[in-house]
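For reference, the chains in residue letters:
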Amino acid sequence: MRVIIDKIFQIFTLSVAIFVSIILIFILFQLIKDGISSLSLNFFIESARPVGSNSGGFKQAILGSLIIDSIAMLIIVFLSILGGLFLYFYPETLLSKILKESMSLLQGTPTIVCGICVYYILVRSMGHFSGLAGSVALALVGIPYMVLASEQIFSMTPTLLLEAAYSLGLSRTRVILYVVLKFAKFPLLAISLLTLARIAGETAPLLFTAFGNSFLELNPLRPMAAIPLQIYVYAISPYDEWHRLAWAGALLLIAFVTVLSLILGRYRRLGE
């Protein structure tokens, strides 16, 4: 009977894996088929154009995403490392328990809620949308994941290293800087790349914060375009030209995440 049940579960698991793989292959095939034809030099060096123009691209969206995501990652990495260190060194304090539960709760919060919260707190106080508000919203999405992951990374620090550092009379600050962070620098880099891949495709938080912009805007205090936002605007439009550009933007986004995944895979192999 056990053998029969085992075979049934093996067949079920294999069937689910094949089904999911088929869906993934279909999505990738559709992206490549509809997106590759619109990828050209103009796509990268030209900004959005009115409908009917023979050219037009994602320049403002690409640069906007670089700025918004870069600011978001600076916020995420800085606050997450601090939060992870606090959870690691003070696990039994009330504040640490509250922080950990809050991060777990925020991790499961829909990203659009993060965007709405930043809208009411930051956008309304500033009086206008901005790329900075978009970065803060994306930071709210990425911080919970990286804080909890950082705590796990710091807990992997060998106890012998910590004991040796304390026995030499090093202060806790020096132990953190020269032992804990030095030991965890490569895992933290990997988690940072995963977090970047996580926030790079988020659209909902940016709808209420960065808002989007049809023109090139490099000032993060002004409304800015971003690749996910531009894909959303073009995808819901009634124009075939914009639909093709939306497919190309989606393909670019998938290619970016794929490159990050390959880098992480390379890192794992080097770590082994």
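What counts and what doesn't
Residues numbered from 1 in each chain as written. Predicted model: local features only at pLDDT ≥ 70, side-chain atom pairs only at ≥ 80, totals over all residues. Heavy atoms only, no water. Helix = DSSP H or I, 4+ residues; strand = E, 2+ residues; numbered from the N terminus. Buried < 20%, exposed > 50% of the residue type's maximum accessible area, 1.4 Å probe, protein only. Contact = heavy atoms within 4.5 Å. Areas by Shrake-Rupley, 256 points an atom, 1.4 Å probe, with all protein chains shown as cover. Lys, Arg positive; Asp, Glu negative; His and termini not counted. Charge placed at Lys NZ, Arg CZ, Asp CG, Glu CD. Expected span 1.5 Å × (residues − 1). Bend = angle between axes of the 7 residues up to and from the residue. Salt bridge = Lys/Arg side-chain N within 4 Å of Asp/Glu carboxyl O. Axes fitted to C-alpha atoms, helices over the stretch in contact; angles between N-to-C directions. Parallel < 35°, antiparallel > 145°, perpendicular 65-115°, else oblique. Left-handed = near helix turned anticlockwise from the far one by under 90°. Nonpolar A, V, L, I, M, F, W, Y, C, P; charged D, E, K, R; others polar. Phe/Tyr/Trp six-rings, centres within 6.5 Å; stacked < 30°, edge-to-face > 60°. Polar contact = N/O pair within 3.5 Å; in protein donor to acceptor, adjacent residues only side chain to side chain. Core = buried A, V, L, I, M, F, W, Y, C linked by side-chain atoms within 4.5 Å.

Q: Any chance you could break down the overall build of the protein chain for me, citing the residues and the numbers?
A: Across its full length, the protein chain carries 11 helices and 0 strands. When its helices and strands are written in sequence order, the protein chain yields α-α-α-α-α-α-α-α-α-α-α. Judged by the C-alpha coordinates and their principal axes, the protein chain covers about 70 × 65 × 35 Å. The buried share among the 272 residues of the protein chain stands at 38%. Counted over contacts in the protein chain with a minimum sequence separation of 6, partners at least 24 positions apart contribute 73%. Carbon and sulfur atoms make up 70% of the accessible area of the protein chain, which totals about 15800 Å². Side chains of the protein chain give 18 positive and 13 negative charges; the mean places of these two sets differ by 6 Å.

Q: So what's going on with helix H8 (residues 172-200)? Residues and values would help.
A: In a regular helix each residue adds 1.5 Å, so 29 residues correspond to 42 Å; H8 covers only 35 Å between its end C-alpha atoms and thus falls short of that length. Considering bend angle alone, the principal kink of H8 is centred on Lys 185 and spans about 55°; proline Pro 187 follows within four residues of it.

Q: Mind laying out the pattern of salt bridges, listing which residues take part and the relevant values?
A: One side chain can pair with another of opposite charge once the charged atoms of both are near each other. Inspection of every chain in the model, using the stated rule, returns 4 salt bridges. Between Lys 33 and Asp 34 there is a salt bridge whose closest N-O contact spans 3.1 Å. Residues Glu 46 and Arg 49 are paired through a salt bridge, measuring 3.7 Å at the closest nitrogen-oxygen approach. Judged by its relative accessible area of 16%, Glu 46 falls in the buried class.

Q: Report on the side chain of Ser 65, specifying residues and quantitative values.
A: Inspection of the secondary structure assignment puts Ser 65 in helix H3 (residues 59-89). For Ser 65, a relative accessible area of 8% gives the class buried. What Ser 65 contacts, discounting residues up to four positions off in sequence, is Ser 70, Ala 225, Ala 226, Ile 227 and Pro 228.

Q: So what about the packing of helix H6 (residues 131-154) against H8? Which residues, and what values?
A: Relative to each other, H6 and H8 sit at 150°, their axes nearing to 10 Å. Of the possible angle classes, the one that applies to H6 and H8 is roughly antiparallel. Between H6 and H8 lies a crossing of right-handed hand. Along the contact surface, H6 presents Leu 138, Val 141, Gly 142, Tyr 145, Met 146, Ala 149, Ser 150, Ile 153 and Phe 154, while H8 presents Val 180, Leu 181, Ala 184, Pro 187, Leu 188, Ile 191, Ser 192, Leu 194, Thr 195, Arg 198 and Ile 199. Taken together, the residues that form the contact of H6 with H8 break down as 15 nonpolar, 4 polar and 1 charged.

Q: How would you sum up the packing of aromatic side chains? Please name residues and give values.
A: Counted according to the given criterion, the structure contains 10 aromatic pairs. Seen in terms of ring centroids, Tyr 88 and Phe 89 are 4.8 Å apart; in terms of plane orientation they differ by 70°. Their pairing is edge-to-face. With respect to class, Tyr 88 is no different from Phe 89; both count as buried. One aromatic cluster is present, built from ring pairs that chain together Phe 43, Phe 44, Phe 58, Tyr 234, Tyr 239 and Trp 242.

Q: Requested: an account of the side chain of Asp 34, with residues and values cited.
A: By secondary structure assignment, the location of Asp 34 is in helix H1 (residues 2-35). The exposure class of Asp 34 is buried, given its relative accessible area of 18%. Of note is the side chain of Asp 34, whose polar atom sits 2.9 Å from the side chain of Gln 30. There is a polar contact of 3.1 Å between the side chain of Asp 34 and the side chain of Lys 33. Excluding residues that lie within four positions of it along the chain, Asp 34 makes contacts with Arg 244 and Trp 247.

Q: Report on the environment of Gly 108, specifying residues and quantitative values.
A: Residue position: Gly 108 is located in the loop between helix H4 (94-107) and helix H5 (111-126). By relative accessible area, which is 63% here, Gly 108 ends up exposed.

Q: For the nonpolar core, give the residues involved together with the corresponding values.
A: Residues Ile 68, Ile 76, Leu 85, Phe 154, Val 180, Ile 199 and Leu 206 are the most contacted members of the largest nonpolar core, which totals 41 residues. At the level of elements, H3, H6, helix H7 (159-167), H8 and helix H11 (240-271) are the ones that each hand at least two residues to this core. At 11 residues, the largest contribution of residues to this core is made by H8. Setting aside residues up to four positions removed in sequence, Leu 206 forms contacts with Ile 68, Gly 134, Leu 138, Phe 211, Ala 226 and Leu 229. The next biggest cluster of nonpolar side chains, apart from the first, holds 17 residues, and it includes Leu 31, Ile 231, Leu 251 and Leu 253.

Q: Could you give an account of the environment of Leu 63, naming the residues involved and the relevant values?
A: Secondary-structure assignment places Leu 63 in helix H3. Sequence separation between Leu 63 and Met 224 is 161 residues, and the spatial gap between their C-alpha atoms is 9.2 Å. The residues contacting Leu 63, other than those within four sequence positions of it, are Leu 216 and Leu 218.

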